[in-house]
Amino acid sequence: MTSKTQIAEGSVAEYVTAMIGGQLFGLPISRVQDVFMPERLTRVPLSSSEIAGVLNLRGRIVTVVDMRARLGLPKNDDGKPAMAVGVDLRGESYGLLIDQIGEVLTLADDSREENPVNLDPRMAKLAGGVHRLDGQLMVVLDVDRVLELLPTQLAA
C-alpha cells in the first residue's frame, strides 16, 4: 500500500500558474515561496532592463525580475497592477514580475512534453517543457534558467 502511494505521489506535479503577455506559464510549486504585489520598488542604477528593481519584503531584500523584459515582450499597458512570484536561488530572494497569478494545477508528470520545435526561442530558453491543456499550452518555467542568466548580464 505504501509503495502505491509513493508511486502515485511521484507521478504528479503541482504548478502555480501565471499569465505573462497573454501566455500561460507554470512554476513548480516547490520553487514558489510566496505571491505578492510589489510596492515601493527601488530602481537599481546601471542594472539590466530585466531588473525592475529591489524591494524590502518582510525584512528580506528581494531583486525583482521583469518577466516581460526577460521574455522580450513589450511593457504591460493595461493599467492593472503587476504581481510577483517569490522564488529563491542559492539563498538569494527574487520576485518574478508577472501580469496575473492563476490557480494551482496538479498535472501528471507523463503529460509533460519537451519544448516544441516551434516554441518561441525566447520562451524556449527559459522553459523546462510544456503541458497541453484544454485549448492552451502551459509553458513550464525553469526557475534556474530564468535566474541563472542574470549574473552574466549584470557583470557585462
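Everything below is about the structure printed above this text.
Residues numbered from 1 in each chain as written. Predicted model: local features only at pLDDT ≥ 70, side-chain atom pairs only at ≥ 80, totals over all residues. Heavy atoms only, no water.

Caption draft 1: Structural detail: the overall build of the protein. Tallying secondary structure elements over the protein gives 4 helices and 11 strands in all. For the protein, restricting intrachain contacts to residue pairs at least 6 apart in sequence, the fraction spanning at least 24 positions comes to 55%. As presented, the protein carries roughly 9100 Å² of accessible surface, and 53% of it is formed by carbon and sulfur atoms. (Helix = DSSP H or I, 4+ residues; strand = E, 2+ residues; numbered from the N terminus. Contact = heavy atoms within 4.5 Å. Areas by Shrake-Rupley, 256 points an atom, 1.4 Å probe, with all protein chains shown as cover.)

Caption draft 2: Structural detail: the pattern of salt bridges. Under the counting rule described, the total for this entry stands at 10 salt bridges. The salt bridge partner of Asp120 is Arg122, with a shortest N-O separation of 2.7 Å. The exposure class of Asp120 is partly exposed, given its relative accessible area of 26%. Here Asp142 ties to Arg145 by a salt bridge, and the two come within 3.4 Å at their closest N and O atoms. (Salt bridge = Lys/Arg side-chain N within 4 Å of Asp/Glu carboxyl O. Buried < 20%, exposed > 50% of the residue type's maximum accessible area, 1.4 Å probe, protein only.)

Caption draft 3: Looking closely at the sheet that holds strand 5 (residues 60-66). Ordered by their spatial adjacency, 5 strands build an open sheet running 3-6-7-5-4, and the pairing between neighbours is mixed. Lying at the two open borders of the sheet, with one neighbouring strand each, are strand 3 (32-36) and strand 4 (51-57). Pairwise comparison of adjacent strand axes, ignoring direction, gives a mean angle of 30° for this sheet. (Pairing = 2+ DSSP bridges. Axes fitted to C-alpha atoms, helices over the stretch in contact; angles between N-to-C directions.)

Caption draft 4: Layout of the sheet that holds strand 11 (residues 136-141). With respect to topology, 6 strands assemble into an open sheet ordered 8-1-2-11-10-9, the strand pairing being mixed. Each of the sheet's edge strands pairs with one partner strand only, and the pair in question is strand 8 (100-108) and strand 9 (112-113). Here 6 bridges tie strand 1 (residues 12-20) to strand 2 (residues 23-28), and the two strands are oriented antiparallel to one another. Across the sheet, the residue bridging to Val16 is Leu27, located in strand 2.

Caption draft 5: Expanded view of the nonpolar core. One finds Leu27, Leu96 and Leu147 to be the most contacted residues of the largest nonpolar core, which totals 27 residues. Secondary structure elements with two or more residues in this core: strand 1, strand 2, strand 6 (83-89), strand 7 (92-98), strand 10 (127-133), strand 11 and helix 4 (143-155). Looking at which element gives the most residues to this core, the answer is strand 6, with 4 residues. Residue contacts for Leu147: discarding those within four places in its chain leaves Val65, Val87, Leu89, Tyr94 and Leu96. (Core = buried A, V, L, I, M, F, W, Y, C linked by side-chain atoms within 4.5 Å.)

Caption draft 6: Main features of the pairing of strand 11. Two elements, strand 2 and strand 11, share 3 bridges in a ladder whose sense is parallel. In the strand pairing of strand 11, Leu24 is matched with Met138. As paired elements, strand 10 and strand 11 share 5 bridges and run antiparallel to each other. Bridge pairing links Val130 to Val139 in strand 11.

Caption draft 7: Region of the structure containing the environment of Pro38. Within the element layout of this structure, Pro38 appears in the loop between strand 3 and strand 4. Separated by 19 residues in sequence, Pro38 and Leu57 have C-alpha atoms that sit 8.7 Å apart. Other than its neighbours up to four places away in sequence, Pro38 contacts Leu55, Ala82, Met83, Ala84 and Leu97.

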